[in-house]
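# An overview of the molecular structure
The lines below spell out each chain.
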Amino acid sequence: MTDTSNLIKQNIKAELALQNESLLLKSAAISNQIKTIEEQARAGTELVSVYLDPIARTNPFGSQFDPYMNQQMPGYTNKPSQMSFKLLRSIAKKTEPVSAIIKLRTNQVGAFSHISDDINKPGFRVMLTDKAAKPTPEEIEEMKMIEQFMLNTGFEHNPDRSDNFESVQRKLVKDRLTLDAISLQLVANKRGELSEFWVMDAGTIAFATEDYMYARRDTYQPIKFVQVSNGQVMGEFTALELAYGVANPSSEISSLGYGESELELLIEVITSYLFSRDYNKSFFTKNSVPAGILSLTGKYRTEELDMFKRQWAAQVQGVNNAWRVPIMASEDGKSVDFKTFKTSNKEAEFQKWMDFLIKITAAVYQTSPEEINFSMGSAGGDSPMIAKEGGQAILASKDRGLVPLLRFLQNFYNSNIIRRINPKYKFVFTGVEPKDQEKDIDLTVKKKFFTTVNEIRAAEDRPGLTLMVGDINIFDMPDNPTVLNMVMALKQATDLEKQTAAANAQQGTQPMDDGTDENSSEDQGIEEDLDSPEEV
């Protein structure tokens with residue numbers, strides 16, 4: 001009894017010692033934080049954000065992880081699935097439709113890895129978060145600087161960093177579609193500012209457990225992620241040092257924060273596909289059933305039969321004894337008969353079954369079989385719902401699969417990179433939904449009935465036009481006949497009033513009449529000429 005009580009006392013003392021150590025670590029972190037705030041206040045610099053301040057932060061009351069899940073390892077939690085990251089990658093490599101889909105999306109996203117000079121063409125731009133605001137020259141220069149940062153994956157050249165933005169995106173897309181997990185290591189300079197980013201193997205990243213959060217002594221920030229290889233922790237990262245994202249999150253606490261890959265949803269489909277593929281392949285390599293029996297009717301000598309068998313084998317037999325045909329002889333008359341054993345594999349409907357499995361795989365990945373060169377219609381016929389070339393299906397497939405993938409990457413970059421540099425900017429993929437030129441022109445023509453030409457040009461960041469008719473700029477008027485007629489009638493009436501007023505004003509400034517008539521002398525002269533006796 002005494003030993004038991006002593007053991008309990010020792011356990012209590014050990015627990016209190018651990019709690020005191022944890023409190024001391026937290027108090028030391030808070031003290032360091034307060035000193036930093038005071039130093040920044042004295043220097044006149046901005047105070048650290050609320051996010052960095054452990055005093056100002058509040059923690060949620062609920063739990064997002066299941067404490068009873070048997071997935072915890074020393075310092076980290078494993079993905080709660082029977083399919084490990086290593087197994088998912090192996091399946092993706094061995095399953096041809098999945099490899100084709102991943103390759104397709106990788107190439108499509110790779111086309112958006114350069115700075116775009118046209119918002120309707122594939123690429124990316126850094127813009128103001130406030131769409132209504134106009135950037136100043138200083139902001140334009142800063143946006144260009146951030147674009148170069150994304151393009152080069154860092155502000156300064158680092159010979160050890162071989163990735164450019166396109167290779168980064170290709171790696172992230174491959175991990176996203178295989179593991180439903182992507183990760184970037186965020187490297188800061190001595191001032192704590194983000195200076196570069198590296199792609200991390202998302203299959204080696206795990207969530208740290210609570211007892212491991214304060215394992216590092218060089219930072220007051222809690223450890224959120226660890227890198228694990230062969231069950232050993234290789235590195236620890238805070239939330240500011242590593243960005244981790246999943247595209248298919250779950251609110252289930254049993255998920256432990258991990259995502260759910262499309263391959264996990266397709267496990268039965270992929271298993272069936274691999275079995276069917278191997279069975280069809282074995283039809284040519286491991287099939288022991290002969291194609292048939294060649295029966296020779298008649299009485300032949302043994303030497304003649306052996307010679308015929310050797311000649312048949314030399315001319316007909318294929319690789320690995322494929323199509324090897326047994327030869328039998330009977331003594332009733334002389335004739336040759338071939339009895340077939342094999343039937344066509346079409347009778348087993350392998351083609352329709354394989355098409356079904358491929359279509360299910362494409363549907364889960366939100367793509368179209370046409371995009372990976374498979375027919376969308378039923379086997380042996382075309383689907384009446386789409387054209388033979390599958391153009392509409394491919395466009396719809398991009399809307400369902402490519403656009404959400406780009407939106408996921410865009411939000412990931414903004415949340416973990418752009419926001420740390422300057423939150424008033426945002427990263428945007430351009431040309432995701434290119435404008436239809438014919439529809440755009442038709443819409444512009446319709447807009448002209450109630451919108452001026454200069455308003456349309458201003459919306460597209462183009463300079464205004466000027467064509468003055470009197471004191472009216474034609475490009476500041478809507479191309480609406482009713483409105484134009486009203487304006488022109490009003491202008492004509494105004495011009496007429498101005499002309500009348502000018503004429504009246506001109507008449508008012510002429511000299512007053514002195515009572516003499518300019519023509520009176522001429523008339524008088526004429527009368528005198530008529531009355532002259534000489535003329536009579």
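Everything below is about the structure shown above.
Anyway, here's the lowdown on the structure attached to this text. In this convention, every chain numbers its residues from 1, walking through the sequence in written order. Under the rules for a predicted model, residues below a pLDDT of 70 receive no local features and side-chain atom pairs below 80 are neither given nor counted, while totals for whole chains, interfaces and linings still include all residues. Calculated side-chain values reflect all of the structure's heavy atoms, with hydrogen atoms and water omitted.

### Brief notes about the packing of helix α2 (residues 85–94) against helix α5 (residues 165–179)
Under this scheme, a helix contributes an axis fitted over its contacting stretch, all axes are lines through C-alpha atoms, and angles between N-to-C directions fall in the 0 to 180 degree range. Secondary structure is summarised from DSSP: a helix means a run of H or I of at least four residues, a strand means a run of E of at least two, and numbering begins at the N terminus for each. Two numbers describe how α2 lies on α5: the axes approach to 9 Å, and their chain directions differ by 100 degrees. Comparing the axis directions of α2 and α5 gives the class roughly perpendicular. Here α2 contributes Phe85, Leu88, Arg89 and Ala92 to the contact with α5, which in turn contributes Asp175, Thr178 and Leu179. Orientation labels follow simple angle bins: below 35 degrees gives roughly parallel, above 145 gives roughly antiparallel, 65 to 115 gives roughly perpendicular, and whatever is left gives oblique. By definition, residues are in contact when any of their heavy atoms lie within 4.5 Å.

### Some remarks on the packing of α2 against helix α3 (residues 96–110)
Relative orientation of the contacting elements α2 and α3 amounts to 95 degrees, with a least axis distance of 5 Å. Between α2 and α3, the angle is such that the two are roughly perpendicular. For the pair α2 and α3, the contacting residues are Ala92, Lys93 and Lys94 in the first and Glu96, Val98, Ser99 and Ile102 in the second.

### Some thoughts on the nonpolar core
Residues grouped as a nonpolar core are buried Ala, Val, Leu, Ile, Met, Phe, Trp, Tyr and Cys residues, joined through side-chain atoms within 4.5 Å. Think of it in three bands: with a 1.4 Å probe and only protein chains considered, a residue is buried below 20% of the maximum accessible area for its type, exposed above 50%, and partly exposed in between. Of all hydrophobic cores here, the largest spans 72 residues; its most connected members are Met150, Leu184, Tyr244, Leu409, Tyr413 and Ile417. Take this core: its biggest share by element is nine residues, from helix α10 (residues 391–421). Beyond its immediate chain neighbours, meaning those up to four positions away, methionine 150 contacts Phe124, Phe165, Phe197, Tyr413, Ile417, Ile418 and Phe427.

### Observations concerning the packing of aromatic side chains
Here a pair means two rings of Phe, Tyr or Trp (six-membered ring of Trp) with centres within 6.5 Å. Their orientation is stacked below 30 degrees between planes, edge-to-face above 60, and tilted elsewhere. Enumeration over the complete set of coordinates arrives at 16 aromatic pairs. Each ring, one from phenylalanine 165 and one from phenylalanine 427, has its centre 6.0 Å from the other, and the planes form 70 degrees; the classification is edge-to-face. Note that phenylalanine 165 is positioned in helix α5 and phenylalanine 427 in strand β13 (residues 425–430), a separation of 262 residues in sequence. Phenylalanine 427 matches phenylalanine 165 in its accessibility class, with the two residues each being buried. Each member of the aromatic cluster is reached from another via a ring pair, and the members are Phe112, Phe124, Phe165, Phe412, Tyr413, Phe427 and Phe429.

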